[in-house]
Amino acid sequence: MSGPINHARAKISKIFNGEPQSYTRFNLAPNTDGDNSQVEVKLSTEVEEELDVPEAGHRHAGRSPARTQLCTSRNMFYMALGVLLIFVTGYLVGYMTHQKPMPSQGSAEGVECPSLQLADSNDEGVVNVPEPTLDWNDITGMLRSKLSSSAFFSSENHQAGSQGDEVLANKVLGIFSSLRMNPWNDEHYVQLQMPSRNDMNKVFFGSEEVGSPQGYLAYSAPGVKQGRVVYANYGRVEDLKYLQDVGINLNGTVVLLRTGKISLAEKVANAAKFAAVAVLIYPEIPGNYDLNTELYGHVHFGTGDPYTPGFPSFNHTQFPPSKSSGLPEILAQTITAAMACEIHKKMGGKDAPVNFKGKLIDFDSYKLGDSNNIVKVVVKNNEVDTRIHNIFGVIKGFVDPDRYVVIGAQRDSFSWGYAKSTVGTSLLVELAKAITEMIKAGFRPRRSIVFASWSAGDFGSIGSTEWLEVHTGTSDVGAKTVTKCIWCGCLVVLEPMKMEDGAYPFLAFSGIPSISFRFVSDEYFGTPLDTKDRLDIATGQKVGDFCVSAAQVAGQMALRLVHDHLLRLDVTTYTSFLRKHVSSVWAPTQLSARWLISAVGSYSRAADDLLNDAQNSDLEDEETCRKINDRIMRVEHNLLSPYVSPRDVPFRHILFGFGNYTLTALEDHLKNLKTPEADTDLLRNQLALTTWTIQSCANDLAGDVWVLDNMV
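Identification of the protein as Transferrin receptor protein 1 from Electrophorus electricus is taken from an unreviewed UniProt entry.

And the structure:
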């Protein structure tokens, strides 16, 4: 792996005019040492052998003053690249097993996907299937030679379901066809929320109209609400609790928030928990920008079509009336920074604390609001039945074609979306071209690669989630890695994946190992400022260099998963992660956690035994390798709680999902054990179900049923 990684690192370092940093092994392990530590991802500088036991590959990396200065001095640059790379290499890498044949274009029925036709096929057109022979250095060198700067797609309007979105979809479909990748179109009819063409959304301060914003928040509750306006910083739980602590009752209020820190959907969900009736959110972007810049987004605290939760959206499919529990019941609307300034300047009440103060107005002018500051919010959004298209192409594997890696990118955008979606789509196509050329040159992947162009990503990963909802019930899925890599020029760090990541539903809904990439900042997302000209200026006309470097890293990760006999996913990293959670459960209560501790012990032994089996396996025995890989892949899937319906609780992952069946919920419940509202019966149920979810995962990881007695 050293050649391409060093090549990519050198490019990045050259662009930043800094020295190349030292990296060793790449490991997708979660940060188990606390929320405030940084973890440096290290990429291998040596050719690795397939049977090496994965090292931890990470250490605490406190940022030195020099590095801090470098990151600060490149703020504008990171801002643009943050916008660029969350979907530039915002590829999700999933792995699904035992999948039914893939659907044909325009059909939900399964049909066999023929393999890519190669020059070495025989007279009957049957492709010869030699055992993969190229070593890893050959493969990475070939990828590096085939990748080139992208010819970027362009579309002024490519909102999900629009004509521009369909034009781009057809372009991708045409390219996949020309590459003989047997492409197909996955069509869904979904409910998207859009502003009314006749009635404008409006905001009033007292009797005076503040403005009629063009931007909006999809899936807001419609209607008219008014109340005392309260400034609540980013809308985090700690921000709202602070307001309560200083005597401000949020019941019936209109909460004014700035962008940043958490997603728009989470801001609205938090405000609803504190009984607010409406939320106004404005963009606060570093540097000089037009204060009249509009902001677009969605506030569904979930993914997929919120009106078909847990099941796919097809035309004429009869489902009972339903809606996602993540749909807000309060109003939510974006306003421009200019409108926010007008509201801020009219607000009275207590001074805002220092950490609430932004850059819109004079530092001393931020107020929390008083009882006479009344704001009215009018939201007239409508649900619109919309047809969307996911476009796929496949490069079929030569040994295990029914096992495959997904490389995907969002195609749509509310506005220009150049960095958020256009660049990602372009790189998706470039990777497809490069790997197809590698096949012609002799590369023989063991497993298949599916290239996916998703629509309706800006409405909450709708395209990818609907596809998962079609296939999850027919696939045995699972596995490892729960992190998001963040490039900060000088550091690469890991953080838990969030709901707004395009790969999140693969991890938390379907239990598929996933990873996404981004640079540290994404302030331009959802605004008309996300343009090619702005990105070119911010990167010094070097967008192509960054894209090629990013594609090399993402491409290598995918190729490693389809090339090696055994998957490089280290199941032992969950042991320390689970032990950390168990220690927090055990400490504050007198309830017995003996069985929970025993379950974690079972998992630890099963994970160690699997590594031992992998070390001692015969790589030429395809059935043995397949069985070991299947055991690895089922880990993530087995961490989805089997005790709740995916319709009611879509994100069932006990470590990274949401709801009462997660370890985080169990810990929070224990913290409140001594409060009057504590429910000890619920706590015991949570403890029991969590214990058996982990034990069941350990049992499956152990392999054959006759092995289980040795785990007690």
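1. Some words on the overall build of the protein
Scanning the protein from terminus to terminus reveals 18 helices and 18 strands. Across the 712 residues of the protein, 60% fall into the buried class. Taking contacts inside the protein between residues at least 6 apart in sequence as the whole, the part at least 24 apart equals 79%. A total accessible area of about 28,000 Å² is found for the protein, and carbon and sulfur atoms account for 49% of it.

2. Quick notes on a negative patch on the surface
On the surface, D618, E620, D621, E622 and E623 cluster together to form a negatively charged patch. Along the chain, E623 falls in helix α16 (residues 622-638).

3. Observations regarding the packing of helix α9 (residues 418-440) against helix α13 (residues 543-563)
At a minimum axis distance of 10 Å, the contact between α9 and α13 shows a crossing angle of 55 degrees. One element, α9, and the other, α13, form an angle in the oblique class. Considering only the axes of α9 and α13, their crossing is right-handed. Residues V423, L427, L431, I435 and M438 of α9 pack against C547, A551, G555 and L559 of α13. For the contact of α9 with α13, the residue count by class is eight nonpolar, one polar and no charged.

4. Focus on the pattern of salt bridges
Inspection of every chain in the model, using the stated rule, returns 22 salt bridges. When the shortest N-O distance is used, the salt bridge between D402 and R626 registers 2.6 Å. With D402 in strand β13 (residues 400-410) and R626 in helix α16, this pair connects stretches of sequence that are 224 residues apart. D402 sits in the partly exposed class, given a relative accessible area of 28%. Linking R403 and D630 is a salt bridge whose minimum nitrogen-to-oxygen distance equals 2.7 Å. Placement of the pair is R403 in strand β13 and D630 in helix α16, with a sequence separation of 227 residues. By relative accessible area, which is 1% here, R403 ends up buried. Using a relative accessible area of 9% as the deciding quantity, one classes D630 as buried.

The rules behind the values
Residues numbered from 1 in each chain as written. Predicted model: local features only at pLDDT ≥ 70, side-chain atom pairs only at ≥ 80, totals over all residues. Heavy atoms only, no water. Helix = DSSP H or I, 4+ residues; strand = E, 2+ residues; numbered from the N terminus. Buried < 20%, exposed > 50% of the residue type's maximum accessible area, 1.4 Å probe, protein only. Contact = heavy atoms within 4.5 Å. Areas by Shrake-Rupley, 256 points an atom, 1.4 Å probe, with all protein chains shown as cover. Patch = residues over 30% accessible without salt bridge, like charges linked within 9 Å, V, L, I, M, F, W, Y side chains within 5 Å. Salt bridge = Lys/Arg side-chain N within 4 Å of Asp/Glu carboxyl O. Lys, Arg positive; Asp, Glu negative; His and termini not counted. Charge placed at Lys NZ, Arg CZ, Asp CG, Glu CD. Axes fitted to C-alpha atoms, helices over the stretch in contact; angles between N-to-C directions. Parallel < 35°, antiparallel > 145°, perpendicular 65-115°, else oblique. Left-handed = near helix turned anticlockwise from the far one by under 90°. Nonpolar A, V, L, I, M, F, W, Y, C, P; charged D, E, K, R; others polar.

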